Amino acid sequence: MSTSTRPVRAWGGTSTVKEEPETQTPLEGFDVTVERVFHNDGKEVRREPFRTHYTPRDEITCETPR
């Protein structure tokens, strides 16, 4: 069995680190579809949807340890 590798490009997205305690408010779940685009020799050869479902989240309150 052989495995091939291809370069991958990604756009968007950020990450944030928070050090202060905070409350996470409840949030309804939602669905998102991201489209993967495949290229060969610089030409687009295929698009593939990638679907993800985010489940609802509960309210969470973080506090500083005493």
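Keep in mind that this is a model prediction, so the values were computed, not measured. (Residues numbered from 1 in each chain as written. Predicted model: local features only at pLDDT ≥ 70, side-chain atom pairs only at ≥ 80, totals over all residues. Heavy atoms only, no water.)

Let's shift gears to the pattern of salt bridges. Considering all chains together, one arrives at four salt bridges under this definition. Residues E35 and R47 are paired through a salt bridge, measuring 2.6 Å at the closest nitrogen-oxygen approach. Placement of the pair is E35 in strand β2 (residues 30-40) and R47 in strand β3 (residues 43-54), with a sequence separation of twelve residues. Put simply, R46 and E48 hold a salt bridge, and the shortest N to O gap is 3.3 Å. One connected set of salt bridges, linked through shared partners, spans E35, E44 and R47. (Salt bridge = Lys/Arg side-chain N within 4 Å of Asp/Glu carboxyl O. Helix = DSSP H or I, 4+ residues; strand = E, 2+ residues; numbered from the N terminus.)

The next subject is the packing of aromatic side chains. Each aromatic ring pair is specified by the distance between its two centres and by the angle formed by the two planes. With the rule as written, the count across this model stands at one aromatic pair. Between the aromatic rings of F30 and Y54, the centroid separation amounts to 4.8 Å while the plane-to-plane angle is 15°, which identifies the pairing as stacked. Remark: Y54 occurs in strand β3 and F30 occurs in strand β2; sequence separation between them is 24 residues. With relative accessibility at 40%, the residue F30 sits in the partly exposed group. For Y54, a relative accessible area of 40% puts it in the partly exposed group. Between R46 and the ring centre of F38, over which it is positioned, the NZ or CZ distance is 4.2 Å. (Phe/Tyr/Trp six-rings, centres within 6.5 Å; stacked < 30°, edge-to-face > 60°. Buried < 20%, exposed > 50% of the residue type's maximum accessible area, 1.4 Å probe, protein only. Lys NZ or Arg CZ within 6 Å of the ring centre and 35° of its normal.)

Here the focus is the pairing of β3. When β2 meets β3, the two strands line up antiparallel, connected through eleven bridges. Within β3, the position partnered with V32 by the bridge is T52. Taking the residues that link successive antiparallel strands as the turn, the β2-β3 hairpin has two residues, and the phi of D41 there is positive, at about 55°. (Pairing = 2+ DSSP bridges.)

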